[in-house]
Amino acid sequence: MATTTGVNSDLAKERNNSTFDVEELSNFIYRGPEKVKRRRYLHNLATKDPFFRKFKPWAFQTREEQYEICLQKHLYINKKCKELNLTEPVDKFFYTEAAAPHENSPIGLHTVMFIPTIEKQGTEEQKKRWLPLAESLKMIGTYAQTEMGHGTFIRGLETTATYDPRTREFILNSPTITSMKYWPGNLGKTTNHCLVMAQLYTQGKNCGIHMFMVQIRDLETHMPLAGIEVGDIGPKFGYGTNDNGFLRLSNVRIPRENMLMRYSKVLEDGTYVKPPNAKIAYGSMVLVRAAIVTDAARALAQACVISIRYSAVRRQTEVSPGGEEAQIIDYQTQQYRLFPLLATSYAMYFAGRFMYDFYLKTTAEIEGGNLDSMPQLHAISAGLKAFSSWMCSAGVETCRLCCGGHGYSHASGLPKIYIDVVPGCTYEGENNVMMLQVARFLMKMYGKLQNGEALPTFMQYMSTDLNKKSCMTEEVALNCLVMAYEHRAARMIRDAAASMEKLVQSGKSPVEAWNGSTVMLTWAAIAHCHAFVTKLFVETVVKSRMDSKVQSALTSLCKLYAVHGIVENLGGFIQDQFFDSKQVKILQKKLMQLLAEIRPNAVAFVDAFDYPDEVLQSCLGRYDGQVYQALYDYAKSSPMNEKEVLDSYYKYIKPAQNGKYQQYSKL
Ligand SMILES: CCCCCCCCCCCCCCCCCCCCC/C=C/C(=O)SCCNC(=O)CCNC(=O)[C@H](O)C(C)(C)COP(=O)(O)OP(=O)(O)OC[C@H]1O[C@@H](n2cnc3c(N)ncnc32)[C@H](O)[C@@H]1OP(=O)(O)O
Ligand SMILES: Cc1cc2nc3c(=O)[nH]c(=O)nc-3n(C[C@H](O)[C@H](O)[C@H](O)COP(=O)(O)OP(=O)(O)OC[C@H]3O[C@@H](n4cnc5c(N)ncnc54)[C@H](O)[C@@H]3O)c2cc1C
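This structure is a prediction, so every number in the text was calculated from the model and none was measured. Residue positions are counted from 1 within each chain, in the order its sequence is given. Starting at A for chains and at 1 for ligands, labels are handed out in the order in which the entities are written. Totals for whole chains, interfaces and linings use every residue, but because this is a predicted model, local features are given only for residues with pLDDT of at least 70 and side-chain atom pairs only at 80 or more, for both listing and counting. Each side-chain value is worked out from all heavy atoms of the structure, with water and hydrogens disregarded.

### What about the UniProt feature "domain: Acyl-CoA oxidase C-terminal" (unreviewed entry) in the chain?
To be explicit about the condition: UniProt positions are given in the numbering used here, feature names are shortened, and annotations may be inferred rather than shown by experiment. Secondary structure elements follow DSSP: runs of H or I of four or more residues count as helices, runs of E of two or more count as strands, with numbering from the N terminus.
In the numbering used here, UniProt assigns the "domain: Acyl-CoA oxidase C-terminal" (unreviewed entry) feature to residues 479–656. The distance separating the terminal C-alpha atoms of residues 479–656 is 71 Å; by composition the span is 75% helix and 0% strand.

Here it is, written out as structure tokens:
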């Protein structure tokens, strides 16, 4: 029976029954006790600060209030980060996630893309000129690339920047309605500058797309400057806190020095100097793609915390007539929906950790002049961005459904998480498009394999013998699971390549053959990412040093991730009889065993993520499990309940009850 104060007794029991020390697992997730301590310190600074608690809850705010309140919060975060000397991205990330959870910042693009683009693409002189202004928010900027007509195909952007050697200026224009910038975050009302991606024309030639710094608003009055039309694009699926905007440029002149010229240049006489690699200008997108992996993992982890704690507290349906109603977490169907997602949240966290490290290492090499790893960084970041945002967005929605009716209420905190994470499937490269970029890389690797050339370590699985059968036995060993994923990916890569080859042989051009094979190419890319994430998870639990009880529990979770992925995608694993029917049965049986094995640790696994209630903002996911009192308090706090009888009753219901409908004819 649940008590109304203290910790709900079911939840308390769950915590007593777990097989490992939660603190040990938190230490492992966040890379050591010192880092856990630091994270808690940063969370506490935010959650205990009365500033963040003075606003009404997000769900009760109008769109304009969402923007204004979130703006205040983020300007305050900016000030506090300076005061507290929080310079490390990880520190800022933890402080911010607690201060304004899942509230997309009206100065976010300034921090995440505008400043990093100046840092990475600007010359020393440009950095000296702009960075102090950007740091002090005198310049507030965004990354304005997408246009109404083109987001994916950036070579097709229509905005022009034409160099005029007489005045040593670029003239920027939006020549058509489809060329107007559309979607950039913070563009509508907040920013006074933009980094505009535009087609560069000099000496009568088009030199492709480049970045230009354009001032769009007066620095004193904030009014749009001459030649600038700018505004908010209106309400969206979510992101109400963000003024995604539109921008039209008409003969806007900027000095030559406003083209970002670290790599490409236009000399005073108009001579164009090429960059060492044309795609180096895409670096800011790679940065955000890499960050999205951790962002998506965090969203799913929080959704799992909410849904699993609630499933331990919620009781529904007597199992035998007259008996006690069961905790819904004991229903196998609930476990089957939630525990693989729990495993996925861990898999994605480890993928996010890897991605962050790999990004830092590779960009350091690029900045040192070694561009060799650029294609790998592009393929891995595009693939993990797409894979993680797909899996995590779908997972958050399943977590919401697993909470029944209460999951549909904003009181659950789940809709807010969902609308914050799901645009990650679209921005920074639509996911299908990103998977096709991965496929392009895979086809190149396949070509190398055919030519007997060396492959990067993470692609060496492609040379596996596809006639080999699975080594799977009753033990369901981790190495056999990894081998299965790699086998499936290798076969799908070969099949996609064969499809293209066949089309070429039938007389199609390479482009037509590509277009005729994109579904198979996408399957191959997804299978490759799935194999990559699974292997990373397995290596993390096998090779890392950690407490033995944690390792044992985490190994079960890792196995569940791998086995569930096979059972759910069985067709791809048995198409070439890699598994026989006996092995399929072993895997299905193992899946059920793993659900039961994980059951006593489910709450401990989510507790280990260590998200305070103030971050979750959920009546259902509270640490103390007092969900019913919280739901009641939430309902009572609704502005709809401020008056016992609403004005609308007297205006509309009462007259209708008396058969009077005149008020409608006045409209
Ligand atoms: C444990 C916890 C720790 C936590 C710590 C973490 C701390 C980290 C901090 C986290 C911070 C918070 C995270 C928050 C995240 C959320 C932020 C939200 C903000 C999002 C705002 C959104 C912004 C945007 O959307 S900006 C616009 C983005 N637009 C796109 O992405 C467009 C997509 N299109 C493209 O990229 C291209 O057009 C493309 C790739 C589809 C085709 O390009 P192309 O030029 O037409 O290419 P093509 O000629 O066909 O040639 C392809 C050729 O080029 C190679 N290529 C392409 N891109 C790249 C690249 N980037 N790098 C290298 N190479 C590239 C490609 O491989 C081909 O090569 P070849 O095959 O050799 O020809
Ligand atoms: C919340 C949000 C914030 C954003 N913030 C910014 C920002 O700050 N700055 C900025 O510049 N942009 C921003 N964007 C824009 C975003 O980057 C683009 O919307 C995104 O890159 C997708 O491009 P698109 O809208 O043109 O989609 P489209 O390319 O039109 O996609 C539509 C469909 O066509 C398919 N498709 C398109 N091309 C291909 C292809 N070659 N092969 C196969 N299928 C294809 C896609 O898979 C998709 O299903 C934001 C978008 C959102 C939703």
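### Comments concerning the side chain of Ser 393
Quick reminder of the rule: For the purposes of these results, a polar contact is taken to be a pair of N or O atoms within 3.5 Å, where, inside protein, one atom must be able to donate a hydrogen and its partner to accept one; residues adjacent in sequence count only when each atom of the pair is a side-chain atom. Should any heavy atoms of two residues lie within 4.5 Å, those residues are counted as being in contact.
Mapped onto the fold, Ser 393 is located in helix α11 (residues 374–401). There is a polar contact of 2.6 Å between the side chain of Ser 393 and the backbone oxygen of Ser 389. Dropping the residues within four chain positions of it, Ser 393 is found in contact with Ser 388, Tyr 418, Val 421, Val 422 and Cys 425.

### Thoughts on the site of ligand 2
This is how it is decided: Being near a molecule or strand, for a residue, comes down to having at least one heavy atom within 4 Å of it. For this classification, the nonpolar set comprises Ala, Val, Leu, Ile, Met, Phe, Trp, Tyr, Cys and Pro, the charged set comprises Asp, Glu, Lys and Arg, and every other residue, Gly included, is treated as polar.
In the vicinity of ligand 2 there are 20 residues, among which Tyr 143, Thr 146, Gly 151, Thr 152 and Glu 430 approach most closely. At a separation of 3.0 Å, a nitrogen atom of ligand 2 approaches a polar backbone atom of Tyr 143. Between ligand 2 and Glu 430 there is a distance of 2.5 Å, counted from an oxygen atom to a side-chain nitrogen or oxygen. Broken down by element, the shell around ligand 2 gets its largest block of residues, three residues, from helix α14 (residues 431–450). Among the residues making up the shell around ligand 2, the classes are represented as nine nonpolar, nine polar and two charged.

### Brief notes about the sheet that holds strand β4 (residues 181–182)
As a reminder of what qualifies: In this scheme, strands are said to pair when DSSP sees at least two bridges between them.
Across the sheet, three strands lie side by side as β4-β8-β7; this open sheet has antiparallel pairing. On the outer flanks of this sheet lie β4 and β7 (228–232), each paired with one strand and no other. With five bridges joining them, β7 and strand β8 (residues 245–249) adopt antiparallel strand pairing. Its bridge partner being in β8, Asp 232 is matched across the sheet by Gly 245.

### Let's talk about the site of ligand 1
Short version of the rule: For accessible areas, the Shrake-Rupley method is used with a probe of radius 1.4 Å. Any residue's cover is judged against the shown protein chains and nothing else.
Around ligand 1 sit 30 residues, and of these Arg 155, Lys 279, Tyr 282, Arg 440 and Lys 444 come closest. One of the side-chain nitrogen or oxygen atoms of Tyr 282 is found 2.5 Å away from an oxygen atom of ligand 1. At a separation of 2.7 Å, an oxygen atom of ligand 1 approaches a polar side-chain atom of Arg 440. For ligand 1, whose accessible area on its own is 1600 Å², the fraction buried by protein is 83%.

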